[in-house]
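Single-letter residue listing:
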Amino acid sequence: MPIIRPARPDEHAALCTLFAELDRFHREVRPDVFVEPEGPARNPELIAGLIAGPDSTILVAEDGDALAGLATLVEKTVAANPVRPERRIAEIDNLVVMPGHRRRGIAGLLLRHAEDWARDRGIANLELGVWDFNAGAVACYEAAGFAPTTRRLSKPVAPP
């Protein structure tokens, strides 16, 4: 059974492999939005900053000698406006499980630990964004109790 734990800065290369899988999937489906980076997509300083917090973390699923998946969590404050009070949320910014480790409950474990992270911080809502094309992720999140709250629509505008 995989172990869910906080990532360590010395795991930068392994974390980048996980992020690269996530990035590859998005590039293949939406090359109009996602591009191949020149060099590392996430440098060691960025990863170390997410790990160190204080308002973020990266959780990893360790399966034997390998990192099988990760979830990046960020605490955010949603600003108040005249019709809505300020609120704090925990956002899952990234979640990925490597292909050879899928369908074993790892994403669900990461999501439960993400809930614990939010709860431990006194945050009442865990939120995420997911692209509509990612039906597998949508099904996973819905199975974990997530429900739609907003829907963002897009329309390309042809040049004049």
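Refer to the structure presented above.
This one's a predicted model, so the numbers in the text were calculated from it and none came from an experiment.

1. Quick notes on the nonpolar core
Side chains of nonpolar character tend, in soluble globular proteins, to be buried together.
Alright, step 1. In this structure, Leu73, Ile92, Leu95, Leu110 and Leu126 are the most contacted members of the largest nonpolar core, which totals 23 residues.
Alright, step 2. Of all elements in the fold, only β2 (56–63), β3 (66–78), β4 (87–97), α3 (106–120) and α4 (135–143) reach the threshold of two or more residues within this core.
Alright, step 3. For this core, the element with the highest residue contribution is α3, accounting for 8 residues.
Alright, step 4. Ranked by size, the runner-up nonpolar core spans 14 residues in total, among them Leu15, Ile47, Leu67 and Leu70.

2. Structural notes on the sheet that holds β2
Alright, step 1. Spatially, β1-β2-β3-β4-β5 is the arrangement adopted by the 5 strands of the open sheet, whose pairing is mixed. Where the open sheet ends on each side, the last strands, each with one partner, are β1 (3–6) and β5 (126–128). Averaged over all pairs of adjacent strands, the angle between strand axes in this sheet comes to 30°, irrespective of strand direction.
Alright, step 2. Contacting β2 and β3, helix α2 (residues 44–52) crosses the sheet at an angle of about 95° to β2.

3. Overview of α3
Alright, step 1. When the terminal C-alpha atoms of α3 are compared, their 21 Å separation across 15 residues agrees well with the 21 Å that a helix rising 1.5 Å per residue should span.
Alright, step 2. Ile106, Ala107, Gly108, Leu109, Leu110, Leu111, Ala114, Trp117 and Ala118 are the residues of α3 that are buried.
Alright, step 3. Against β1, β2, β3, β4, β5 and α4 lie the buried residues of α3.
Alright, step 4. Directly beyond the C-terminal end of α3, a positive phi value near 75° is found at Gly122.

4. Regarding the pairing of β3
Alright, step 1. Pairing geometry for β2 and β3, over 8 bridges, is antiparallel. The residue bridging Asp63 from the neighbouring strand is Ala66, located in β3.
Alright, step 2. A loop of 2 residues connects β2 with β3, the two strands running antiparallel in sequence, and Gly64 in this loop sits at a positive phi of about 70°.

5. Structural notes on the packing of aromatic side chains
Alright, step 1. By the definition in use, this model includes 4 aromatic pairs.
Alright, step 2. A ring pair is formed by Trp131 and Phe133, whose centres lie 5.8 Å apart and whose planes are at 25°; its orientation type is stacked.
Alright, step 3. When its relative accessible area of 34% is taken as the criterion, Trp131 is described as partly exposed.
Alright, step 4. When the ring of Tyr141 is compared with that of Phe146, the centres are 5.9 Å apart and the planes differ by 65°; the resulting orientation is edge-to-face.
Alright, step 5. An aromatic cluster of at least three residues, connected via ring pairs, comprises Phe25, Phe34, Trp131 and Phe133.

Conventions and cut-offs
- Residues numbered from 1 in each chain as written.
- Predicted model: local features only at pLDDT ≥ 70, side-chain atom pairs only at ≥ 80, totals over all residues.
- Heavy atoms only, no water.
- Core = buried A, V, L, I, M, F, W, Y, C linked by side-chain atoms within 4.5 Å.
- Buried < 20%, exposed > 50% of the residue type's maximum accessible area, 1.4 Å probe, protein only.
- Helix = DSSP H or I, 4+ residues; strand = E, 2+ residues; numbered from the N terminus.
- Pairing = 2+ DSSP bridges.
- Axes fitted to C-alpha atoms, helices over the stretch in contact; angles between N-to-C directions.
- Contact = heavy atoms within 4.5 Å.
- Expected span 1.5 Å × (residues − 1).
- Phe/Tyr/Trp six-rings, centres within 6.5 Å; stacked < 30°, edge-to-face > 60°.

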